[in-house]
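Structural features, examined
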Amino acid sequence: MTPNETKYIRLTNSWLQERHSYWSQKLVELNIFQKELNNVLFEIKYHVKSYNGMFRIRNGVSKIIIYPPNTGEVNQQFVDNVLVHEMIHQYIHENKLHDSSSHGAIFRKYMNAINYANIGVTINISTNSQKFVNTNICSYETHKILVLKFSRTFFLCKVKSTKVDYFTELILNHKIQWKEPLVGFGWYKTTNAMFNNYQTCVSKLHGAVYLNDEWNAMFEKLKLTKFEVISEL
Ligand SMILES: [Zn+2]
């Protein structure tokens, strides 16, 4: 895999407006969204550590707020990832889709479709809790990936390298409660830069959910290499 070219941009409302309409059109072209999004207001807020983005409606007016990690130039990839994440919230709102929670099954359906389309954005449901640092990211960083197979879904998380044994023991000793029966799990490693922005699990597992029938195609794309399979997936 070739390293992603890192592009830095100075964040402005008009740049966000342009990207918003670019992604809105693109997602309609790809048949992921059935219609384009309305225009929204944008706001850029600095010095906020706990969020990367927010979609908000106040007095009937929709707004997307971006919280850049620093006041200088920011990584375009980071902004696109955050922007498209917020655009899913906007789409769900505008089309009156009723999701089970703010990142429920409907949100994840769009998230997975966008990630799977391989269009240069990677969305995950923990994008709000990870700050992206404006340094050159090493695309060859090796990530440790835990794949859990349930009866109807697969769950994928990026885990801190030093925590592999910790989570293995928790799972084997049934210390984690699952919503569905666990069928198997395995550890994989990858240098896929798509994972660079994923939140790393340290004490709790969180990550992406895939339905069984979308898993095979996803697995191909992820370029994962087995290094320890506890029970075959
Ligand atoms: Zn969100």
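Use the structure listed above.
This text gives an overview of the structure that appears in the document. (Residues numbered from 1 in each chain as written. Predicted model: local features only at pLDDT ≥ 70, side-chain atom pairs only at ≥ 80, totals over all residues.)

A word on the sheet that holds strand E3 (residues 53-58). Ordered in space as E2-E4-E3, the three strands form an open sheet in which the pairing is mixed. One side of each edge strand has no neighbouring strand; the edge strands of this open sheet are strand E2 (41-44) and E3. Averaged over all pairs of adjacent strands, the angle between strand axes in this sheet comes to 25 degrees, irrespective of strand direction. Relative to strand E4 (residues 61-66), E2 is paired through four bridges, and the arrangement is parallel. Paired with Ile44 across the bridge in E4 is Ile66. Contacts from helix H2 (residues 76-94) reach E3 and E4 within the one sheet, and its direction differs from that of E3 by about 30 degrees. (Pairing = 2+ DSSP bridges. Helix = DSSP H or I, 4+ residues; strand = E, 2+ residues; numbered from the N terminus. Axes fitted to C-alpha atoms, helices over the stretch in contact; angles between N-to-C directions. Contact = placed C-beta atoms within 7 Å.)

Along any regular strand, the residues point their side chains to alternate faces of the sheet. Here strand E10 (residues 208-211) shows one buried face, formed by Ala208 and Tyr210, and one open face, formed by Val209 and Leu211. Both strand E7 (residues 153-159) and E10 contribute to a ladder of four bridges, which runs antiparallel. Within the sheet, the bridge partner assigned to Phe154 lies in E10 and is Tyr210. (Buried ≥ 20, exposed ≤ 12 C-beta atoms within 10 Å, placed from the backbone.)

For the pair helix H1 (residues 13-29) and H2, the least separation of the axes is 10 Å and the interaxial angle reads 60 degrees. Compared by their axis directions, H1 and H2 come out oblique. Both H1 and H2 take part in a crossing whose hand is right-handed. Together, Leu16, Arg19, His20, Trp23 and Ser24 of H1 and Asp80, Leu83, Val84 and Met87 of H2 make up the contact between the two elements. Of the residues belonging to the contact of H1 with H2, the class tally is five nonpolar, two polar and two charged. (Parallel < 35°, antiparallel > 145°, perpendicular 65-115°, else oblique. Left-handed = near helix turned anticlockwise from the far one by under 90°. Nonpolar A, V, L, I, M, F, W, Y, C, P; charged D, E, K, R; others polar.)

Bringing the packing of H2 against helix H3 (residues 105-117) into the picture now. Contact pair H2 / H3: the axes reach a minimum separation of 10 Å and the direction vectors enclose 135 degrees. The angle between the axes of H2 and H3 places the two elements in the oblique class. For the pair H2 and H3, the sense of crossing is right-handed. Within the contact between the two elements, H2 uses Val84, Ile88, Tyr91 and Ile92 and H3 uses Ile106, Phe107, Tyr110, Met111 and Ile114. The residue makeup of the contact of H2 with H3, split by class, is nine nonpolar, no polar and no charged.

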